Amino acid sequence: MSVNQGITLKVENIHKTYGREKVLQGISFEVKKGETKVIIGPSGTGKSTLLRCVNRLTIPDAGRIWLDGTEITHPRTDINKVRQSIGMVFQDFNLFSHLSALDNVRIGLIKVKKMVKGEATEEAMRHLARVGLEDKAAAYPAELSGGQQQRVSIARALAMGPKLMLFDEPTSALDPELIGEVLKVMRDLAESGMTMVVVSHEMGFARSVCNEIVFIENGVIVEQGPPEVLFEDPQHQRTRQFLFKITELYGKSERK
Amino acid sequence: MVTLELTFLLLVVGLAVGILLALGQVYGGKGLVLLSSTYEQIFRSIPALVLLFLFFFGSSFVGLNISAFLSAVLALGFRSSAYQSQIFRGAIQSISQGQMIAARSLGMSKFQAIRHIILPQALRLSLPPWSNEYSSVVKDTSLAYAVGVIELVREGRYIIVRTFEPMIIYITIAVIYFILTYAGNRSLGYLEEKLKIPGFETKSRKE
């Protein structure tokens, strides 16, 4: 995996406060092209807020974010344009419930990228095939399992041809036996060279796939580094405790 | 037939203004929310007959020369829009926030997201309560009688004056209203069936 072709995402000193609660208190990190970064941390520490700041679904109070040199946080930036190059996958899938799997993947291509229908259909089918669901193209979200819905939602994001993929706890809402199929798609994606930021506590995935784990607590980065280092030789006692706890909960090796 | 024409126009005015009001109430800024809520509150709080008189006499009072028919369309149409806005507002708000967020994260503008994602879902959910509004509107057209519009009831009156058969004529009128309402509701039910999508029909069914 080539990781030295430059920086895709740069996050600098992000702050966000909701009411009196300081959710993010100065988060900075960089993601190189082709790199996969996994963000972990106790619930309520601002992991999701951080991801949402990256595509400006949430506007940070302070700090700046760049995608490939374009400053996302600049008020003049055409955010609808930027969002086309940032794919987002949600914990509860958020597939458009009135559209078939094919239409879910195709609608962004037709309405946002203004692609002609035939071309969009071809492109959408290609991405459905990539997540192994071309035979479910006509199915509506309600007719798909959670794992299938999440794979459609990954295809929907990929179809837009993003430079960066954000995953917000993509397997947390899934039954245990469905997690594996989604992780497999994500692993293939990472191995194909996609730049990814993943909020997840799937430590098996983190260990085997990601380049770096970022541990966030109380709105600050406690520690970040390659998974081997964080697992074997963490610098902070708190990192050790947390990793121990989630490894116990989620298991060490990857689910198949 | 004037009653049909009236019904159609009332529904169209009500639908167009109602959807705009609902969108204003859900997505608008403070000013728009206040404006649409005030409008909706006013038109839902005044009796239809009084509204009708206000529009009919009010228009000439302010120097506008509009026909009785048009003042009926506006008064009753605006009134229906206030009721319809509540149907659409409820439907829009029942759609999970995640739909909008997912649409925006694909790069859709807010307008695109509303048009392609939110409204197609909300309008489907609105059909059952909307058929209720249809029933009211059909029958409300009879109020236009009061300002001299020659609709079904007034036509009936003219016939009664000539034939002195009030019971037969009123029964006929009642049957016509019944047929209009029934046929309309059946068609809307058919439309609902036609637009049915897996996951949407189960929403309304209680387990």
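Up top is the structure these notes are about.
Just so you know, these numbers come straight off a predicted model, no measurement behind them.

> Any chance you could break down the overall build of chain A for me, citing the residues and the numbers?
Tallying secondary structure elements over chain A gives nine helices and 10 strands in all. Reported as C-alpha extents along the three principal axes, the dimensions of chain A are approximately 55 × 45 × 40 Å. Expressed as a percentage of the 256 residues in chain A, the buried residues total 56%. The long-range fraction of contacts in chain A, counting pairs at least 24 apart against all pairs at least 6 apart in sequence, stands at 66%. Summing over all exposed atoms, chain A offers an accessible surface of approximately 11100 Å²; the carbon and sulfur share of this is 46%. Here chain A contributes 34 positive and 32 negative side-chain charges, whose respective centroids are spaced 5 Å apart.

> Let's hear about the packing of aromatic side chains: which residues, and what values?
All names here are of chain B. Evaluated as defined, the whole model comprises nine aromatic pairs over all chains. Taking the centre distance of 6.4 Å and the plane angle of 50 degrees together, the rings of F43 and F55 count as tilted. Taken together, the residues span a long stretch of sequence, with F43 in helix α2 (residues 30–45) and F55 in helix α3 (residues 48–61) at a distance of 12 residues. Considering the side-chain rings of F55 and F78, the 6.0 Å spacing of their centres and the 65 degrees angle between planes classify their relative orientation as edge-to-face. One end of the pair, F55, is in helix α3; the other, F78, is in helix α4 (residues 68–94), with 23 residues separating them in the sequence. On the basis of relative accessibility, which here comes to 22%, the residue F78 falls in the partly exposed class.

> Please set out the nonpolar core residue by residue, giving values where relevant.
L9, I40, I154, M165, F167, M186 and M196 of chain A are the most contacted members of the largest nonpolar core, which totals 133 residues. In terms of residue count, the dominant contributor to this core is helix α6 (residues 110–140) of chain B (11 residues). In contact with M165 of chain A, other than residues within four places in its own chain, are G87, V89, I154, A157, L158, L189, M194, T195, M196 and V197 of chain A.

> Quick rundown of helix α6 (residues 176–191) of chain A? Include the residues and the values.
Residues and elements named next belong to chain A. If you check α6, its first and last C-alpha atoms are 23 Å apart, about what 16 residues at 1.5 Å a residue would give, namely 22 Å. Taken together, the buried positions of α6 are occupied by L178, I179, G180, V182, L183, V185, M186, R187, L189 and A190. Contact partners of the buried residues in α6: β3 (36–40), α4 (117–130), α5 (146–159), β7 (164–168), β8 (195–199) and α7 (203–209). Remark: G193 follows α6 within two positions and exhibits a positive phi of approximately 100 degrees.

> Got a sec to walk through the sheet that holds strand β5 (residues 70–71) of chain A? Specific residues and values, please.
Residues and elements named next belong to chain A. Read from one edge to the other, the open sheet built from four strands follows the order β2-β1-β4-β5, with strand pairing classed as antiparallel. Looking at the sheet topology across the chains shown, the edges are occupied by β2 (21–32) and β5. In this structure, strand β1 (residues 7–18) lies alongside strand β4 (residues 62–67), joined through five bridges in antiparallel fashion. By the bridge assignment, V11 is partnered in β4 with I65.

> So what about the interface of chain A and chain B? Which residues, and what values?
In this assembly, 25 residues from chain A lie in contact with 21 residues from chain B. Of the roughly 2000 Å² buried between chain A and chain B, counting both surfaces, carbon and sulfur atoms make up 64%. Run the count over chain A and chain B and you get zero salt bridges. Where chain A meets chain B, there are eight residue pairs in polar contact (both at pLDDT 80 or more). When residues of the side of chain A that touches chain B are traced back to their parent elements, those giving at least two are α2 (79–84), β6 (86–89) and α3 (101–112) of chain A. It is α3 of chain A that provides the largest number of residues to the side of chain A that touches chain B, a total of four residues.

> Break down unusual backbone geometry for me, with residues and values.
Peptide bonds are, in most cases, trans, and in most cases residues other than glycine have a negative phi. Positive phi, normally seen in glycine, also occurs at D68 of chain A, with a value near 50 degrees. In this structure, D68 of chain A sits in the loop between β4 and β5.

> Any details on the environment of M165 of chain A? Residues and values, ideally.
All names here are of chain A. On the secondary structure map, M165 appears in strand β7. M165 sits in the buried class, given a relative accessible area of 0%. C-alpha of M165 to C-alpha of I65: the two residues are 100 residues apart in sequence and 15 Å apart in space.

> Got a sec to walk through helix α5 (residues 97–105) of chain B? Specific residues and values, please.
Burial analysis of α5 of chain B places eight of its nine residues in the buried class, the great majority of the element. Those residues of α5 of chain B that are buried lie in contact with α1 (47–54), α2, β6 and α5 of chain A together with α1 (2–27) and α6 of chain B.

> Describe the sheet that holds β8 of chain A, and please don't skip the residues or the numbers.
Strand pairs in the sheet, formed through backbone hydrogen bonds, run parallel or antiparallel to each other. Residue and element names in this part refer to chain A. Pairing is mixed in the open sheet, where six strands are placed in the order β6-β7-β8-β3-β9-β10. Across the chains shown, the open sheet's two edge strands, defined by having one partner strand only, are β6 and β10 (220–225). In this sheet, adjacent strand axes meet at a mean angle of 15 degrees when their direction is disregarded. Running over the sheet, α1 touches β3, β6, β7, β8 and β9 (212–217) and is turned about 155 degrees from β7.

> Requested: an account of the packing of helix α7 (residues 152–163) of chain B against helix α8 (residues 166–194) of chain B, with residues and values cited.
All names here are of chain B. In contact at an axis separation of 9 Å, α7 and α8 are set at 160 degrees when each is read in the N-to-C sense. Overall, the two elements α7 and α8 adopt an arrangement that is roughly antiparallel. Crossing geometry of α7 relative to α8 is assigned as right-handed. Taking contact as the criterion, the partners of L152, V153, G156, R157, I159, I160 and T163 in α7 are, on α8, P166, I169, Y170, I173, I176 and Y177. Of the residues that constitute the contact of α7 with α8, the class distribution is 10 nonpolar, two polar and one charged.

> Explain the pattern of salt bridges to me, and be specific about the residues and the numbers.
A complete count under the given rule lists 15 salt bridges over all chains for this structure. The partner of R64 of chain A in a salt bridge is E71 of chain A, and the shortest N-O contact between them spans 3.2 Å. On the basis of relative accessibility, which here comes to 39%, the residue R64 of chain A falls in the partly exposed class. Look at E71 of chain A and you get buried, because its relative accessible area is 14%. One salt bridge in this structure joins R79 of chain B and D140 of chain B, with 3.4 Å as the shortest N-O distance. With R79 of chain B in helix α4 and D140 of chain B in helix α6, the pair connects residues that are 61 residues apart, well separated along the chain.

Conventions we followed
- Residues numbered from 1 in each chain as written.
- Chains lettered and ligands numbered in written order.
- Predicted model: local features only at pLDDT ≥ 70, side-chain atom pairs only at ≥ 80, totals over all residues.
- Heavy atoms only, no water.
- Helix = DSSP H or I, 4+ residues; strand = E, 2+ residues; numbered from the N terminus.
- Buried < 20%, exposed > 50% of the residue type's maximum accessible area, 1.4 Å probe, protein only.
- Contact = heavy atoms within 4.5 Å.
- Areas by Shrake-Rupley, 256 points an atom, 1.4 Å probe, with all protein chains shown as cover.
- Lys, Arg positive; Asp, Glu negative; His and termini not counted.
- Charge placed at Lys NZ, Arg CZ, Asp CG, Glu CD.
- Phe/Tyr/Trp six-rings, centres within 6.5 Å; stacked < 30°, edge-to-face > 60°.
- Core = buried A, V, L, I, M, F, W, Y, C linked by side-chain atoms within 4.5 Å.
- Expected span 1.5 Å × (residues − 1).
- Pairing = 2+ DSSP bridges.
- Buried area = accessible area lost by both parts, 1.4 Å probe.
- Salt bridge = Lys/Arg side-chain N within 4 Å of Asp/Glu carboxyl O.
- Polar contact = N/O pair within 3.5 Å; in protein donor to acceptor, adjacent residues only side chain to side chain.
- Axes fitted to C-alpha atoms, helices over the stretch in contact; angles between N-to-C directions.
- Parallel < 35°, antiparallel > 145°, perpendicular 65-115°, else oblique.
- Left-handed = near helix turned anticlockwise from the far one by under 90°.
- Nonpolar A, V, L, I, M, F, W, Y, C, P; charged D, E, K, R; others polar.

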